[in-house]
Amino acid sequence: METATIETSVLDTPVLRFDTARSFVQEVDAVLFFARLGERTLRCYMTRAALVAYFGAEEDGGPQSCLAAFDRWVACIHRIARRCIGQRGFPLQPVVITVDDVFRAIVAKACLR
C-alpha cells in the first residue's frame, strides 16, 4: 500500500484535522468524512455495521440513523480515525473504519483519550 509522509508539528504530533462535513454513501454503506493533513485530503468511511454495533445507529433505520449516531459520537469517531490513519501512515487510499477497528480502539482505550 502506498502512503504519504506525515508531517509533524514542533511537538512531534501529526497535525491532522477533520472536516465537519459528512454524508452517507449508499454504495459503500458508510458515512463519509474527511481528514486533512496540510494540503492532503483523505476520505474516511465509518461503516454502518460499526455505527450499529458501537454507536447506537438503528440497523434498519436508514442513512439518517447512521448520520445521527455519527454526529452524537463524532469526537470518539475522530479519535478512532486518527488512530487508524496513524497506524496506516496517512494512506493515499480511503480509510474504511470497520467493526474490528472500533473494537481494537476500545481495547486500546482510544475513545477515552
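Keep in mind it's a predicted model, so treat the numbers as computed, not measured.

## Structural notes on the confidence of the model for the protein chain
Low-confidence regions, as indicated by low pLDDT, have predicted coordinates that should not be scrutinised in detail. Averaged over all residues, the pLDDT of the protein chain is 83; the fraction at 70 or higher stands at 84%. In the model of the protein chain, helix H4 (residues 99-107) stands out as the element of lowest mean pLDDT, 85, in contrast to helix H2 (residues 62-72), which has the highest, 97.

## Overview of the environment of Leu-42
Mapped onto the fold, Leu-42 is located in strand S3 (residues 40-47). Each C-alpha atom of the pair Leu-42 and Ile-85 lies 9.2 Å from the other, and the pair is 43 residues apart in sequence. Setting aside residues no more than four positions away along its own chain, Leu-42 makes contact with Phe-33, Phe-34, Ala-35, Ile-85, Phe-90, Pro-91, Gln-93, Pro-94 and Val-95.

## Quick look at H2
Residues lying three or four places apart along an α-helix face the same way, a consequence of the helix completing one turn every 3.6 residues. Within the sequence span of H2, burial applies to Gly-62, Ser-65, Cys-66, Leu-67, Ala-69 and Phe-70. Looking at the buried residues of H2, the elements they touch are strand S1 (17-25), strand S2 (30-37), S3, helix H1 (48-55) and helix H3 (74-88).

Reading the values: rules and limits
- Residues numbered from 1 in each chain as written.
- Predicted model: local features only at pLDDT ≥ 70, side-chain atom pairs only at ≥ 80, totals over all residues.
- Heavy atoms only, no water.
- pLDDT = per-residue confidence, 0-100.
- Helix = DSSP H or I, 4+ residues; strand = E, 2+ residues; numbered from the N terminus.
- Contact = heavy atoms within 4.5 Å.
- Buried < 20%, exposed > 50% of the residue type's maximum accessible area, 1.4 Å probe, protein only.

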